[in-house]
Amino acid sequence: MGDNRLPYRRQRRVIEAFGSARSGEADAGPLITPARRAPRPPRRFTAHLGFEADGPEQAHDLAVAYAEALSLLRPEVALGAAALSPADAWHRAERLFCGAPGPDGERCADVAGHPGFHHAPGPGGLGWGEGDG
């Protein structure tokens with residue numbers, strides 16, 4: 001069984017990189033090889049913002065206001081992914097926005113549980129659904 005310690009492996013890779021150049025041949029190939037792994041695609045992350053409120057209803061209203069304000073300042077913030085939970089129970093998170101899929105692939109930007117039509121984001125956003133009936 002061969003020696004598998006790090007210095008041995010490092011030395012073996014260097015010798016393999018030099019290839020046949022040690023034996024006097026002219027072309028040993030590239031000494032710098034391309035990366036072995038492709039770069040990772042961008043991942044999603046969550047920012048947890050803590051704040052105080054008098055009760056669940058006030059906390060919901062504040063959370064909706066914070067999420068909407070952040071989405072105006074930073075368009076890359078995913079408004080539909082915003083959720084609210086008690087500070088000590090993140091596993092009980094509830095969605096803040098409806099997020100129902102629309103006919104053109106957009107998502108409803110109204111608060112969760114809203115009555116009436118669904119509305120796409122923006123002032124002239126498309127409306128769809130059952131309506132007020």
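First things first, this report covers the structure right here in the doc. (Residues numbered from 1 in each chain as written. Predicted model: local features only at pLDDT ≥ 70, side-chain atom pairs only at ≥ 80, totals over all residues. Heavy atoms only, no water.)

**Quick look at the pattern of salt bridges**
What counts here: For salt bridges, the criterion is a side-chain nitrogen of Lys or Arg within 4 Å of an Asp or Glu carboxyl oxygen. Only protein chains enter the calculation, and the probe is 1.4 Å; a residue is then buried if its accessible area is under 20% of its type maximum, exposed if over 50%, and partly exposed in between.
Inspection of every chain in the model, using the stated rule, returns one salt bridge. Arg74 is the salt-bridge partner of Glu76, the closest N and O atoms lying 2.7 Å from each other. Using a relative accessible area of 53% as the deciding quantity, one classes Glu76 as exposed. Residue classification places Arg74 among the partly exposed positions, given a relative accessible area of 47%.

**A closer look at the environment of Pro56**
Our working definition: Going along the chain from the N terminus, every DSSP run of H or I of four or more residues is numbered as a helix, and every run of E of two or more is numbered as a strand.
Mapped onto the fold, Pro56 is located in helix α2 (residues 56-73). Residue classification places Pro56 among the exposed positions, given a relative accessible area of 61%. It is 8.7 Å that separates the C-alpha atoms of Pro56 and Pro86, two residues lying 30 residues apart in sequence.

**Here we look at the nonpolar core**
To keep things clear, this is the line we draw: Residues enter a nonpolar core if they are buried and are Ala, Val, Leu, Ile, Met, Phe, Trp, Tyr or Cys, with the set joined through side-chain atoms within 4.5 Å. Contacts between residues were defined by any pair of non-hydrogen atoms, one from each residue, lying within 4.5 Å.
Judged by nonpolar contacts, Ala59, Ala63, Val64, Ala67, Ala82, Leu84, Leu96 and Phe97 together constitute the single largest core of eight residues. For this core, the element with the highest residue contribution is α2, accounting for four residues. If near-sequence neighbours (up to four positions away) are discounted, Leu96 is found in contact with His60, Ala63, Val64, Ala82, Ala83, Leu84, Val111 and Ala112.

**Topic: α2**
Where we set the bar: Every helix has an expected span of 1.5 Å times one less than the residues it contains. In this context, the arc is that of the directions from the helix axis out to the C-beta atoms.
Counted at 1.5 Å a residue, the expected span for α2 with its 18 residues is 26 Å, and the 26 Å between its end C-alpha atoms agrees. Among the residues of α2, Ala59, Ala63, Val64, Ala67 and Ser71 are the ones counted as buried. Down the axis, α2 shows its buried residues gathered within 135° of arc, on one side only. Residues of α2 that are exposed and angled more than 90 degrees away from the buried face: Glu57, Asp61, Leu72 and Leu73. Contact partners of the buried residues in α2: β1 (83-84).

**With respect to the packing of aromatic side chains**
Worth spelling out the cut-off: Any two rings among Phe, Tyr and Trp, with Trp reduced to its six-membered ring, count as a pair given centres within 6.5 Å; such a pair is stacked if its planes are under 30 degrees apart, edge-to-face if over 60, and tilted if neither.
Counted under the stated rule, the structure contains one aromatic pair. Relative to Tyr66, the ring of Phe51 lies with its centre 5.2 Å away and its plane at 80°, an arrangement referred to as edge-to-face. Here Tyr66 lies in helix α2 and Phe51 lies in the loop between α1 (6-18) and α2, a separation of 15 residues in the sequence. On the basis of relative accessible area, Tyr66 is assigned to the partly exposed category, the value being 37%.

**Some thoughts on a nonpolar patch on the surface**
For clarity, the threshold we go by: Each patch is built from salt-bridge-free residues with over 30% relative accessible area, joining like charges within 9 Å and nonpolar side chains (Val, Leu, Ile, Met, Phe, Trp, Tyr) within 5 Å. Accessible surface area values rest on a Shrake-Rupley calculation with a 1.4 Å probe, where residue burial reflects the displayed protein chains alone.
Among the surface-exposed residues, Leu49, Leu70 and Val77 lie close enough to one another that they form a single nonpolar patch of about 240 Å² accessible area. Turning to its location among the elements, Val77 is positioned in the loop between α2 and β1.

This is a description of form; function is not addressed.
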